[in-house]
Amino acid sequence: MSAPDYPYLTATLGDAAERLPPELAQPLEAAFAAAVDVPDPITLQGCLQRIRNGDGADGQPWRGPTLAPGQGMAMARADRAAAGLTTLLEIFHAAERVRVDGGDEQQIGDGTREGLLLACRGLAEYVELQLHAA
């Protein structure tokens, strides 16, 4: 009967790995394998790449039902844009409350308010475009 194959342990210890008892070799092999399968660290470049690959607003690929891969990417993009639209509308809503009930020092100004409206409009148009693409 041949000894179990422990590639990570053998790469680390060489021929000495063959002399280890299975009750010691198996957990060591599992530990080495786990160390190799460490997920990529969160980096700016990695996040941008995942976003370009079609992540949704939660940072994960679209998990809903789709008919084609392109449809999943369009839905993930629409999901991201909808989340951005919601955030902008919440900021705009808060700014409007401050405009009505707050002091002058808390006002954001007409230009900023107009910018928020235009950003909301642009995101809403993009959501519509992505939904039609899906």
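Above this note sits the structure.
Quick look at the structure, then. Every chain is numbered on its own, with residues counted from 1 as its sequence reads. pLDDT decides what is reported in this predicted model: residues at 70 or higher carry local features, side-chain atom pairs at 80 or more are listed and counted, and totals for whole chains, interfaces and linings draw on all residues regardless. To obtain the side-chain values, all non-hydrogen atoms of the structure were included, while hydrogens and water were left out.

### Thoughts on the overall build of the protein
So, step 1. Runs of E in the DSSP output that reach at least two residues are strands. Runs of H or I that reach at least four are helices, and both are numbered from the N terminus. In terms of helices and strands, the protein carries five helices and zero strands.
So, step 2. Using a 1.4 Å probe on the protein chains alone, a residue whose accessible area is under 20% of its type maximum counts as buried, one over 50% counts as exposed, and one in between counts as partly exposed. With 134 residues in all, the protein has 19% of them scored as buried.
So, step 3. Taking as baseline every contact in the protein between residues at least 6 positions apart, the subset at least 24 positions apart corresponds to 46%.
So, step 4. Total accessible area on the protein stands at roughly 9600 Å², and carbon and sulfur atoms take up 60% of it. It only takes one pair of heavy atoms within 4.5 Å for two residues to be counted as in contact. Per-residue and other accessible areas follow the Shrake-Rupley method at a 1.4 Å probe size, with only the shown protein chains counted as cover for residues.

### Side note on the nonpolar core
So, step 1. Definition used in this section: a nonpolar core is a set of buried Ala, Val, Leu, Ile, Met, Phe, Trp, Tyr and Cys residues joined via side-chain atoms within 4.5 Å. Core analysis: the biggest nonpolar cluster contains five residues, these being Leu-85, Leu-88, Phe-92, Leu-116 and Cys-120.
So, step 2. Put simply, the parts of the chain that give this core at least two residues each are α4 (69–101) and α5 (110–133).
So, step 3. Residue contributions to this core peak at three residues, all from α4.
So, step 4. Setting aside residues up to four positions removed in sequence, Phe-92 forms contacts with Arg-113, Leu-116 and Leu-117.

### Considerations on the packing of α4 against α5
So, step 1. Note on definitions: angles span 0 to 180 degrees between N-to-C directions of axes, and those axes are lines fitted to C-alpha atoms, for helices only across the stretch in contact. Two numbers describe how α4 lies on α5: the axes approach to 9 Å, and their chain directions differ by 155 degrees. Compared by their axis directions, α4 and α5 come out roughly antiparallel. Considering the relative orientation of α4 and α5, their crossing is left-handed.
So, step 2. Of the residues assigned to the contact of α4 with α5, the class counts are 20 nonpolar, two polar and four charged. Any angle that is under 35 degrees is reported as roughly parallel, and any over 145 degrees as roughly antiparallel; angles of 65 to 115 degrees are reported as roughly perpendicular and all others as oblique. The crossing is said to be left-handed when, going from far helix to near helix, the turn is anticlockwise and less than a right angle, and right-handed when the turn is clockwise. Amino acids are sorted into nonpolar (Ala, Val, Leu, Ile, Met, Phe, Trp, Tyr, Cys and Pro), charged (Asp, Glu, Lys and Arg) and polar (every other residue, Gly among them).

### A closer look at the pattern of salt bridges
So, step 1. By definition here, a salt bridge exists when the distance from a side-chain nitrogen of Lys or Arg to a carboxyl oxygen of Asp or Glu is within 4 Å. The tally for this structure, following the rule as stated, stands at three salt bridges.
So, step 2. With a closest N to O distance of 2.9 Å, Arg-113 and Asp-110 form a salt bridge. In this pair, Arg-113 and Asp-110 are both assigned in helix α5, three residues apart and thus about one turn of the helix distant.
So, step 3. Taking the relative accessible area as the measure of exposure, Arg-113 reaches 13% and is therefore buried.
So, step 4. Note on Asp-110: relative accessible area 61%, which makes it exposed.
So, step 5. With a shortest N-O distance of 3.4 Å, Glu-125 and Arg-121 are connected by a salt bridge. Of the two residues, Glu-125 and Arg-121 are both situated in helix α5; the distance of four residues between them amounts to about one turn of the helix.

### Points about the side chain of Gln-130
So, step 1. Looking at the secondary structure, you find Gln-130 in helix α5.
So, step 2. For Gln-130, a relative accessible area of 9% translates into the label buried.
So, step 3. Filtering out sequence-adjacent residues up to four positions away, Gln-130 remains in contact with Ala-74, Arg-77 and Ala-78.

### Brief notes about α4
So, step 1. Here α4 is 33 residues long and its end C-alpha atoms lie 48 Å apart, about the 48 Å a rise of 1.5 Å per residue gives.
So, step 2. Among the residues making up α4, those that are buried are Gln-71, Gly-72, Ala-74, Met-75, Ala-76, Ala-78, Ala-81, Leu-85, Leu-88, Phe-92 and Ala-95.
So, step 3. Packing partners of the buried residues in α4 comprise α5. Helices are assigned an expected span. That span is 1.5 Å times one less than the residue count.

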